[in-house]
Amino acid sequence: MKNKNTHLSREHIAYLRKIRNNKITVHVSRALILLAILGIWELCAYTEVIDPFITSSPSRICITLASLSGDGSLFYNVGVTLMETLVGFIIAVVLGYAVAIILWANDTISKVLEPYIVVLNSLPKIALGPMIIIWIGTGYTSIIFMTVIVAVIVCIMNTLAGFMAVDPTKLLLMKSMGANKAVTLIKLIIPSSLPALMNTLKVAVGLAWIGSVMGEYISSRAGLGNMINYGRQVLNLDLVMTSIVVLCVLAGGMYGIIALIEKKVVK
């Protein structure tokens with residue numbers, strides 16, 4: 001039987017309602033868990049079950065946020081880190097995608113470079129920090145470079161894996177119809193690998209934040225990484241925890257934007 005208003009069956013309407021209720025349950029549960037964590041944290045700090053000087057507390061973080069917002073230092077440092085992260089993220093994704101296309105298009109190059117890519121991926125990037133400072137100097141350029149080298153290898157490997165996962169039957173069909181590499185790439189590989197690209201972007205977001213904060217921790221005079229380093233040096237752990245919380249919020253927001261793009265693009 002059809003519903004006159006929606007032209008959907010009762011079963012379909014019940015199914016959609018169930019999906020909507022499940023989404024609401026998920027979001028509410030996430031919020032309650034976060035509130036519970038913050039409440040327990042604040043209570044333990046207030047009753048000194050944990051030392052608030054070492055662990056800080058939500059109330060002390062809010063006070064620090066208000067202080068940093070009042071003198072403008074929060075927005076300046078957030079802006080610096082956000083700029084470095086976005087630039088490094090975009091460069092890493094574009095470069096990684098371009099290299100993945102080259103490796104997919106030429107099997108010989110892929111086999112030659114594969115061991116080097118694996119070695120570079122396993123190399124601890126923090127070890128390159130001092131060398132990057134010597135090669136490039138301090139400032140935005142070295143931090144963006146650090147962000148790129150942290151994220152680009154994973155972008156290459158994940159994107160290439162998405163290319164290789166395309167249905168071989170479809171590849172054979174394209175080949176039988178006389179399609180060359182360029183046509184196959186545009187018509188089949190790129191559209192079919194969009195979910196893999198979205199997953200790559202999600203991974204690259206976290207790595208980009210790691211790279212930018214790591215670079216700031218080593219050589220910057222501004223940014224959230226610099227705030228964390230300064231707070232550690234002067235034992236202002238409220239500043240350290242506040243910077244970490246802000247980083248979590250920014251990284252979560254950037255991840256959320258990519259998740260929204262994924263819904264539109266993959267659909």
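I will try to describe carefully the structure that is included in this document. Here the structure is a predicted model, which is why all the values come from computation and not from measurement.

With that out of the way, let us pick up the nonpolar core. With 49 residues, the main nonpolar core has Phe89 and Leu201 as its most contacted residues. For this core, the elements supplying multiple residues, two or more each, are α4 (73-105), α7 (140-164), α9 (181-192), α10 (194-219), α11 (224-233) and α12 (237-266). Ranked by residues supplied to this core, first place goes to α7 with 13 residues. When neighbours within four sequence positions are excluded, Phe89 is seen to be in contact with Thr147, Leu201, Ala204, Val205, Ala208, Met254 and Ile258.

So, on to the packing of helix α3 (residues 58-70) against α4. Orientation of α3 relative to α4, taken along the N-to-C sense of each, is 85°, at an axis distance of 5 Å. Taken together, the axis directions place α3 and α4 in an arrangement best described as roughly perpendicular. In this structure, α3 uses Leu65, Leu68 and Ser69 to contact α4, whose residues at the interface are Ser73, Leu74 and Phe75. Taken together, the residues of the contact of α3 with α4 sort by class into four nonpolar, two polar and no charged.

A few words now on the state of the cysteines. Throughout this description, disulfide means a covalent bond between two cysteine sulfur atoms. Counting across every chain of the model gives zero disulfides. The thiol of Cys44 is unpaired, and the distance to the nearest cysteine sulfur, on Cys62, comes to 17 Å. On the accessibility criterion, Cys44 (22% relative accessible area) is partly exposed.

The next point concerns the environment of Tyr46. Counting through the fold element by element, Tyr46 comes out in helix α1 (residues 10-46). Distance from Tyr46 to Glu84, taken between C-alpha atoms, is 37 Å for residues 38 residues apart in sequence.

What follows covers α12. Under the 1.5 Å per step criterion, the end-to-end length of α12 is 43 Å for 30 residues, consistent within 8% with the ideal 44 Å. Taken as a whole, α12 has its buried residues at Asp238, Leu239, Val240, Thr242, Ser243, Val246, Leu247, Met254, Ile258 and Glu262. Contacts made by the buried residues of α12 are with α2 (52-55), α3, α4, α10 and α11.

A word on the packing of aromatic side chains. Throughout the structure, instances matching the rule amount to one aromatic pair. Measuring from ring centre to ring centre gives 5.6 Å for Tyr97 and Phe163, while their planes differ by 85°; the resulting arrangement is edge-to-face. In this pair, Tyr97 is assigned in helix α4 and Phe163 in helix α7, connecting sequence segments 66 residues apart. For the pair formed by Tyr97 and Phe163, the shared burial category is buried.

Cut-offs and rules
Residues numbered from 1 in each chain as written. Predicted model: local features only at pLDDT ≥ 70, side-chain atom pairs only at ≥ 80, totals over all residues. Heavy atoms only, no water. Core = buried A, V, L, I, M, F, W, Y, C linked by side-chain atoms within 4.5 Å. Buried < 20%, exposed > 50% of the residue type's maximum accessible area, 1.4 Å probe, protein only. Helix = DSSP H or I, 4+ residues; strand = E, 2+ residues; numbered from the N terminus. Contact = heavy atoms within 4.5 Å. Axes fitted to C-alpha atoms, helices over the stretch in contact; angles between N-to-C directions. Parallel < 35°, antiparallel > 145°, perpendicular 65-115°, else oblique. Nonpolar A, V, L, I, M, F, W, Y, C, P; charged D, E, K, R; others polar. Disulfide = S-S within 2.5 Å. Expected span 1.5 Å × (residues − 1). Phe/Tyr/Trp six-rings, centres within 6.5 Å; stacked < 30°, edge-to-face > 60°.

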